[in-house]
Structure formats: structure tokens, C-alpha cells
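# Coordinates in review
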Amino acid sequence: MLIKKLSDVASSDITPRPLYLRRREFLAALVTLPIASKMVTTTDGVTEKKAITSYTNYYEFGSDKGDAGRNGAAFRPSPWSVVVEGECARPGTYTLEDILKPHPIEERVYRHRCVEGWSMVIPWDGFPLGNLLKRFGPASKARFVEFTTVNRPKEMPAIRRGVLNYPYVEGLRMDEAMHPLTILATGLYGESLLTQNGAPLRLVVPWKYGFKSAKAIVKIRFVEKQPLNTWQEANPYYYGFYANVNPAVPTPSYSQATERRIGDFFMRRTLPFNGYGDQVASMYAGMDPRRLF
Ligand SMILES: Nc1nc2c(c(=O)[nH]1)N[C@H]1C(S)=C(S)[C@@H](COP(=O)(O)O)O[C@H]1N2
Ligand SMILES: [Mo]
């Protein structure tokens, strides 16, 4: 497993980096988020921004990968607030500004692996979820955290067609939520998130399949029991709670052994826990690996 500070990574390790850095210079005038620090977890090249923002899964806007980019114009990510509920000392409604204020924005270059077999490397901007959760004073009863995302049929044209039940819900076990690799993202490539990538606030858990990344979060609930996430509710045969990237366990519709990095021609081998195993595998010691999906 590779966690490097940018200064440790020779530029020759990363082919597209010069291009990416030039893009950052060019965009400097538009950048709204000062970046406090950077964590690069792979020497693989960063995926082009155009691909990250046009190839998305966001069923409230439609089931085609381009739908959320095309049909997102009516969506208003501001003003925004998040309701905090359940087993914690400080429940309440917090504005996005309240939430963000104490948290320096970091850049995290993470692998992103969808259960459908595609993957990307994304330079997210965000902050550790655990630092936010600690502010709410989780009770000892809080064993899981449930995330509910926004449900606005007037702004999200595919909600009424109902491929899934809305609002979209995801969940993490408390140790997963507190893990330093787990972030809430507010941007990518140094700019605020676009609607299609989950504006204004989305979850990123890099050792899990993409569907754990709840977009447009409006509620965080501390709970005692394992939450029923939307995909598991839709089809428990295909989707589990843990959704840890596991190349050894095929799903009923997709092999998980290989993946196609967007922009590459050849398939590549998928890594256990998406390559983050040495940091996260111990959380699942003793569990049946088949249940990890
Ligand atoms: N609210 C909401 N969040 C969501 C989804 C969704 O349909 N609605 N799709 C999920 C799925 S299936 C994936 S693979 C990831 C994709 O994130 P990306 O589009 O930024 O790559 O978002 C997840 N978060
Ligand atoms: Mo997905």
C-alpha cells in the first residue's frame, strides 16, 4: 500500500501529472477551496476531469452515465444543511458552512472502483469524516452511521420513475466511518463538486465499491443497528452492506477480478480492498470474506 506525500513522488512516476498540474495553474483563478494538504495513494495516472464529471452513476437524474451531467441544471446545492440525529450528544440541523468551517480541505488522490467493472483515479478535495462525526459526540450505542441523501423530485427528474427507492441511503460501521481514509468530499480537481459528482457533500470510502459513495448528503444518523442501504434493499442477492472491493468474489452479474480504468484500453487486475488492504483489512479480521461484499 502506498501513501505518499506529493513531495515523495517522483514526477516520472506519474505520467499525466505535468498535464494535470498545468491544468491546476490554468484554473487557479477559479479555485474556490484552499487546499491544506495532499495525500497521493497511487502512482497510477489521475483520470481526466472530463471523464470524472461526465461518466457518473446518479439514478435520481437518470440511469445513463451522462444523465446527471445533462439533467442537473435545476439542482440547487446551495443553501444546504445537514440534519444530525440519533445516538449522539449534539443532534441538530447544521448549515453546510457550520459543517465545513473547522475542517481544512485536503486533496486525496484515491482509486475509485465501481462494481460494474470500471475504475478511475480521482483527486478529491475533502476532509476526514471522522473529524466531523467526533464533533457530534457519538454515544457508545452508536455502532453504525446512516447517510440519507436529498430527495427533490422537482430538481431530480428521474426520481418519479423510481429505479430505486428514494431517498438514497448508505451506511458504514462506526470504525469504517472513523477510519482516516474515509472522507466527505466537497470538490475535485480543486473546484467545488458539480451536481453529478454529489454536490455539495458526498461520501468517499476508497476501499469500497462506488455505490457506498452517497451523494448530496442531507442527514447523518448514529444508529445501533446495521442500516439497510438502498442497493441492498433493491436487490439483496447482488448487493451487500460491506461492499468491500474483493476480486475473489464475483457478483452474480460481474466478475470482480479485473477492472477497466477509464481511459485505458487493457483491463487491469483489481486489488483486494482496492489496494488499501494494509490499512483497512484488520477491521474485517475473522469475518467471512464473502460477507465483505
Ligand atoms: N444519491 C445517490 N448517490 C449515489 C448514487 C445514486 O444513484 N444516488 N449512485 C452510487 C453509485 S452506484 C456509484 S458507482 C457512485 C458513483 O460515483 P461517481 O459518479 O462520482 O463516480 O455514486 C453512488 N452514490
Ligand atoms: Mo455503482
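Residues numbered from 1 in each chain as written. Chains lettered and ligands numbered in written order. Predicted model: local features only at pLDDT ≥ 70, side-chain atom pairs only at ≥ 80, totals over all residues. Heavy atoms only, no water.

## Observations regarding the overall build of the protein
Assigned secondary structure in the protein consists of eight helices and 13 strands. Counting all 293 residues of the protein, 54% fall into the buried class. Intrachain contacts of the protein at a sequence separation of at least 6 include 73% that bridge at least 24 residues. For the protein, the exposed area adds up to about 13,100 Å²; of that, 54% sits on carbon and sulfur atoms. (Helix = DSSP H or I, 4+ residues; strand = E, 2+ residues; numbered from the N terminus. Buried < 20%, exposed > 50% of the residue type's maximum accessible area, 1.4 Å probe, protein only. Contact = heavy atoms within 4.5 Å. Areas by Shrake-Rupley, 256 points an atom, 1.4 Å probe, with all protein chains shown as cover.)

## Focus: the pattern of salt bridges
Under the counting rule described, the total for this entry stands at 18 salt bridges. Its salt-bridge partner being Glu146, residue Arg221 comes within 3.1 Å of it at the nearest N-O pair. Pair noted here: Arg221 is in strand β11 (residues 217-223) and Glu146 is in strand β6 (residues 144-149), with a separation of 75 residues, a long-range link. Overall, Arg221 belongs to the partly exposed group, its relative accessible area being 29%. With relative accessibility at 12%, the residue Glu146 sits in the buried group. Close ionic contact of Glu155 with Arg152 constitutes a salt bridge, the shortest N to O distance being 3.0 Å. Each of the salt bridges in this network shares a partner with another, and the network as a whole consists of Asp44, Arg113, Glu259, Arg261, Asp264 and Arg268. (Salt bridge = Lys/Arg side-chain N within 4 Å of Asp/Glu carboxyl O.)

## Comments concerning unusual backbone geometry
Here the bond from Ser78 into Pro79 is cis, since omega is -5°, no more than 30 degrees from zero. Tracing the backbone through its elements, the reader meets Pro79 in the loop between α3 (67-70) and β2 (81-86). Following Ala199, the chain continues to Pro200 via a peptide bond in cis, the omega torsion being 0°. For Pro200, the position within the fold is in the loop between β9 (191-192) and β10 (202-204). For Ala243, which is not glycine, the phi dihedral falls at a positive 55°. Within the secondary structure, Ala243 is located in the loop between α7 (230-234) and β12 (258-261). In the Ramachandran plot, Phe273 falls in the positive-phi region, its phi being about 50° despite a non-glycine side chain. By the element assignment, Phe273 lies in the loop between β13 (268-269) and α8 (277-280).

## A look at the site of ligand 1
Taken together, the neighbourhood of ligand 1 is formed by 17 residues, with Glu60, His112, Arg202, Ser213 and Lys215 sitting nearest. Between ligand 1 and the protein, one listed contact pairs a nitrogen atom with a side-chain N or O atom of Thr149 at 3.2 Å. Contacts to ligand 1 include Ser213, whose backbone N or O atom sits 2.7 Å from a nitrogen atom. Burial of ligand 1 by the surrounding chains reaches 98%, relative to a free accessible area of 530 Å². (Near = heavy atom within 4 Å. Polar contact = N/O pair within 3.5 Å; in protein donor to acceptor, adjacent residues only side chain to side chain.)

## Some words on empty space enclosed by the protein
The final tally for this structure, using the stated rule, is one cavity of 30 Å³ or more. Of the voids in this model, the largest cavity is the one considered here, and its volume is about 60 Å³. Forming the boundary of the largest cavity are Arg111, His112, Arg113, Val204, Val205, Pro206, Lys208, Tyr209, Gly210, Lys212 and Ser213. The greatest single-element share of the lining of the largest cavity, amounting to three residues, is contributed by strand β4 (residues 105-113). Here the residues of the lining of the largest cavity sort into four nonpolar, three polar and four charged. (1 Å grid on protein atoms, 1.4 Å probe; cavity = no way out; pocket = protein on both sides within 12 Å on 5 of 7 lines; lining within 4 Å. Points joined across faces, edges and corners; volume = space filled by probe spheres on them. Nonpolar A, V, L, I, M, F, W, Y, C, P; charged D, E, K, R; others polar.)

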